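The primary structure of each chain is shown beneath.
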Amino acid sequence: MRILHTADLHLGRTGKERDIWHQWEKVIEIALKENIHILLIAGDIFDNGQAEAVLKKKFVISLNKLANQGIQIFIIPGNHDLRQGNALTDLELPGVNVFYKYTVVNLDKIALHFFPFKPELDGQDLVRLKQDISAQCQIGICHASYITLPEVFSDLGDSQAIHCPLSPEDIRDLNLDYLALGHYHNPKQWQVGKTQCVYPGSIEPLSFKEIGPRQVFIIQYDHGLRVYPIEIGYQRPYLCQDIQIPKEDIHALWPRIEELARDLGPCFLRLTIKGVADKLLSQAFQLKAQYFLKERGIQVSWQDETVDLGWIEEHRLARQFREAIHQRLAQSPEKEFWWQVFYRGIGLLKYCENVDKKNKV
Ligand SMILES: [Mn+2]
């Protein structure tokens, strides 16, 4: 018996429709190639409850490709599917099952326990819902928050999305062999007692927090349980880069922009720009670079940490520090060293001023 576990497709997410669809097509291909018997989707197929009819139709056609090969498809809703409506209506066709209340499906040696998403539930509620079924392999499917992992806690906490909190004790009490989760968007695999727990993560990165190639998981049950991920890459990753203005010359930074355009494929790029520059020149440069990179499929968001030359001129301490450094630069052969002293020193002076300002407020 071979099962494919995925979750968090977020079909229809604004601006990412095509990327997500390409990734979903990869999942379908893998499902066909890997000879799976069952596809589990642990919630958040759609980004919101009011998915467009055209998109739903396209999705049903894609599921039909699997159903026609005898693959059974099991779906539970996630919080996004039920956001302002219900996106999972009209999906039920032969071979496709959507569960809205706790259900056990008994297949030969495997029992599948479906716990559909409900905002008011927690881990102990799942334990109370679960029926005692005798089967060699017990698999649970839910859209929940394993808050014991710090990265899950902080990420879901930041988005105020700690729904259905789960603890290691809850997982022990559930007494499963495999827990197929959805909700957290980075792939994660860990073990609690005998239970293998997996978040497959989103199928396409949706924010700067979703790092690395995407994965789906294959669960194979013969005599024992074997679980392994299959990488499905991504369409457009989220990347972060620091760039430093050489000396005080913003234009000397242009080759770095060209290098980024050459080295990076289509992506979302957070550029943190550091150093000293005239504010207006720097803003003009950022606009020009942003346009240049956009033409090459790179979407830039700027994090401006530059210190304005104008500010230095206006502040006696900063101005004198700059003058002193320029003297050293003229005399010393260690130019790179003195530039580093300058960046650090001027950054510190600017920081101190910001702190002073805050304290006054
Ligand atoms: Mn999600």
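Rules and cut-offs
Residues numbered from 1 in each chain as written. Predicted model: local features only at pLDDT ≥ 70, side-chain atom pairs only at ≥ 80, totals over all residues. Axes fitted to C-alpha atoms, helices over the stretch in contact; angles between N-to-C directions. Helix = DSSP H or I, 4+ residues; strand = E, 2+ residues; numbered from the N terminus. Parallel < 35°, antiparallel > 145°, perpendicular 65-115°, else oblique. Left-handed = near helix turned anticlockwise from the far one by under 90°. Contact = placed C-beta atoms within 7 Å. Expected span 1.5 Å × (residues − 1). Buried ≥ 20, exposed ≤ 12 C-beta atoms within 10 Å, placed from the backbone. Arc of directions from axis to C-beta. Pairing = 2+ DSSP bridges. Domains from an automatic or database assignment. Core = buried A, V, L, I, M, F, W, Y, C linked by C-beta atoms within 7 Å. Nonpolar A, V, L, I, M, F, W, Y, C, P; charged D, E, K, R; others polar.

Trainee: How should I be thinking about the packing of helix α6 (residues 254-263) against helix α7 (residues 279-294) in this particular structure?
Mentor: To characterise two packed helices, one gives the angle between the axes of the helices and the distance between these axes. Following both chains from N to C, one finds α6 and α7 inclined at 20°, their axes separated by 10 Å at the closest point. Taken together, the axes of α6 and α7 lie roughly parallel to each other. The two elements α6 and α7 cross, and the hand of that crossing is right-handed. Facing I257, L260 and A261 of α6, the residues of α7 in contact are A289, F292 and L293.

Trainee: What's the story with helix α1 (residues 17-33) in this structure? I'm lost.
Mentor: An α-helix turns once per 3.6 residues; consequently, residues spaced three or four apart project the same way. Given a rise of 1.5 Å per residue, 17 residues ought to cover 24 Å, and the 25 Å separating the end C-alpha atoms of α1 matches this to within 8%. When we look at burial in α1, the residues that qualify are I20, Q23, W24, V27 and A31. For α1, the buried positions fall inside an angular range of 105° around the axis, keeping them on one side. Within α1, the exposed residues directed more than 90 degrees away from the buried face are R18, E29 and K33.

Trainee: Explain the pairing of strand β1 (residues 2-6) to me, please; I cannot follow it from the model alone.
Mentor: Successive residues of a regular strand alternate their side chains across the two faces of the sheet. Burial within β1 is extensive, with four of its five residues counted as buried. Bridge count between β1 and strand β13 (residues 214-221): four bridges; the pairing is antiparallel. By the bridge assignment, L4 is partnered in β13 with I218. Relative to strand β2 (residues 38-41), β1 runs parallel, the two being bridged by four bridges.

Trainee: I keep staring at the sheet that holds strand β3 (residues 72-75) and nothing clicks. Help me out?
Mentor: One key point about sheets: their strands pair by backbone hydrogen bonds, in either a parallel or an antiparallel sense. Pairing within the open sheet is mixed, and its six strands lie in the order β4-β3-β2-β1-β13-β14. Here the strands that pair on one side only, and so sit at the sheet edges, are β4 (96-98) and β14 (225-233). Taking each pair of neighbouring strands and ignoring which way they run, the sheet shows an average axis angle of 20°. With three bridges joining them, β3 and β4 adopt parallel strand pairing. Residue pairing in the sheet places F74 in a bridge with N97 of β4. Of the strands in this sheet, β1, β2, β13 and β14 are in contact with α1, which crosses β14 at around 140°. The strands touched by helix α2 (residues 53-67) are β2, β3 and β4; relative to β3, the strand with the most contacts, the crossing angle is about 135°.

Trainee: Would you mind going over the domain arrangement of the protein with me for this structure?
Mentor: You'll often see interface size given as the accessible area lost when the parts meet. Each assigned domain of the protein is listed here: domain 1 (2-233) and domain 2 (238-360). Using only C-alpha atoms to locate each centre, domain 1 and domain 2 end up separated by 44 Å.

Trainee: Mind showing me how you'd approach the nonpolar core here?
Mentor: Soluble globular proteins: nonpolar side chains tend toward being buried together. Counting 65 residues, the largest nonpolar core has L39, L40, A42, I141, C142, A180 and L181 as the members making the most contacts within it. If one sorts the elements of this core by residue count, strand β6 (residues 110-115) sits on top with five residues. Apart from residues lying up to four places away in sequence, A180 is in contact with H5, L40, A42, I139, G140, I141 and V198.

Trainee: Just checking my understanding: could you explain the packing of α1 against α2 for this structure?
Mentor: Closest axis-to-axis distance for the α1/α2 pair is 10 Å, and the angle between their directions is 10°. Judged by the angle between their axes, α1 and α2 are roughly parallel. Each of W24, I28 and A31 in α1 lies in contact with α2, whose residues at this interface are S62, K65 and L66. Broken down by class, the residue content of the contact of α1 with α2 amounts to four nonpolar, one polar and one charged.

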